[in-house]
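# A look at the structure
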Amino acid sequence: MASISGKISALWNRMGLLPQLTISVVLVILAAGRLRGYLQVVTESDYVREHHQSELRETQHFLAQMLPNYAVTGDVLMIQQLLDTQVKERDDIGRIQWQSRFGSLAAQDQGYTQLAAPDWFVRMTSVPAEEKISLVIMDGVNYGTLTLSVDPVPSLNRLWRHLMTQFKMIALVNATIILLLVLLLRRTLKTLRRLSVAAIRFKQGDHGVRVEATGSIEIRGAVQAFNRMAEDVELMLQSLAQSERRFRAIFDQTFQLAGLVDREGMLMDINQSALDAVGIRAVDAIGKAFWDTPWWRPEDEPRLRDAVERASQGEFIRFEISFMGPDGMPRSVDFSLKPVREKNREI
């Protein structure tokens, strides 16, 4: 069960915004429509059952007053006509039977109605076939027995057609809402896709990318925020690049031998004067431990390690040391190591 729910969750997360909204709205409308349909069927079923009882009572009351008048004289034709008329005029009375000393008469609806509703709907409505049997007595005289039968099929078919009409309306509402969602969100989703692509391009180094602000007010606000951010970052990077160029120009053109190491003693940068002093390239030194670079002899390592360690604690270090130039002659330098602190005061 957990595996199935996990797969459903993963599938849901892979869907786009429009499918998620569409499915959510459809499920809500279907659930609301199903609940409304069920409540409506229950309410109408109660009404139908009460209507059947009312039809039985009214028909029984009417015939109980009329039948004795014809039963006294034995007018069988008039009794049959009376029964036929009642079956035709009553919507739900399917059969009337009259049993008297003159014999048995019956009237039945001749129009056969086939049940259109499915079995589950019939079970849900609980509209049964009802029958009412009563003795017709007037002035203490028993004239006969009257049997009235209700055929539930016409009522069940009416209820089923009504429910199907409701479902068709729900389907139409679903289609309309889905169409509106597509029309309303399509432009917004296009803007979101463009914003996503622009963010990827920006991450990859295209800092001049911008997105046209279209769609809803919320989407336009997000796009405008991205454009402002991209513009600010682009200006900042341009400023940093300019500062870097200025720094590099000063750093490389000074006659001093200058470099930058981290707290562990790894050489991070070196100026051109220092490289020219031993005839190497930057790639030959940057990224190595400072004491392993071409300027120093193996016996200088302990002294340089100690200097880096003390400088990493905030101490300014200065001493004289020599290195071998490209011509093989020693060069003496005034070596200093000064800690540089960042804004958070860390070295």
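Data block above holds the structure.
From a predicted model like this one, the values you see are computed outputs, not experimental measurements.

Calculation notes
Residues numbered from 1 in each chain as written. Predicted model: local features only at pLDDT ≥ 70, side-chain atom pairs only at ≥ 80, totals over all residues. Heavy atoms only, no water. Helix = DSSP H or I, 4+ residues; strand = E, 2+ residues; numbered from the N terminus. Buried < 20%, exposed > 50% of the residue type's maximum accessible area, 1.4 Å probe, protein only. Contact = heavy atoms within 4.5 Å. Patch = residues over 30% accessible without salt bridge, like charges linked within 9 Å, V, L, I, M, F, W, Y side chains within 5 Å. Areas by Shrake-Rupley, 256 points an atom, 1.4 Å probe, with all protein chains shown as cover. Salt bridge = Lys/Arg side-chain N within 4 Å of Asp/Glu carboxyl O. Lys, Arg positive; Asp, Glu negative; His and termini not counted. Charge placed at Lys NZ, Arg CZ, Asp CG, Glu CD.

### A look at the environment of Val153
With respect to the element layout, Val153 can be found in helix α5 (residues 153–203). Judged by relative accessible area, Val153 falls into the buried class, the value being 15%. Linking Val153 and Ala117, residues 36 residues apart in sequence, is a C-alpha distance of 8.7 Å. Those residues in contact with Val153, other than ones at most four positions away along the chain, are Thr113, Gln114 and Leu115.

### Description of the side chain of Ser322
Tracing the chain through its elements places Ser322 in strand β7 (residues 317–324). The exposure class assigned to Ser322 is buried, which follows from its relative accessible area of 18%. With near-sequence residues (within four places) excluded, Ser322 lies in contact with Trp296, Arg297, Asp300, Arg331 and Ser332.

### Things to note about a positive patch on the surface
Together, Arg186, Arg187, Lys190, Arg193, Arg194 and Arg220 make up a region of like positive charge exposed at the surface. Looking at which element gives the most residues to the positive patch, the answer is α5, with 5 residues. One can find Arg220 in helix α6 (residues 217–253). When its relative accessible area of 32% is taken as the criterion, Arg220 is described as partly exposed.

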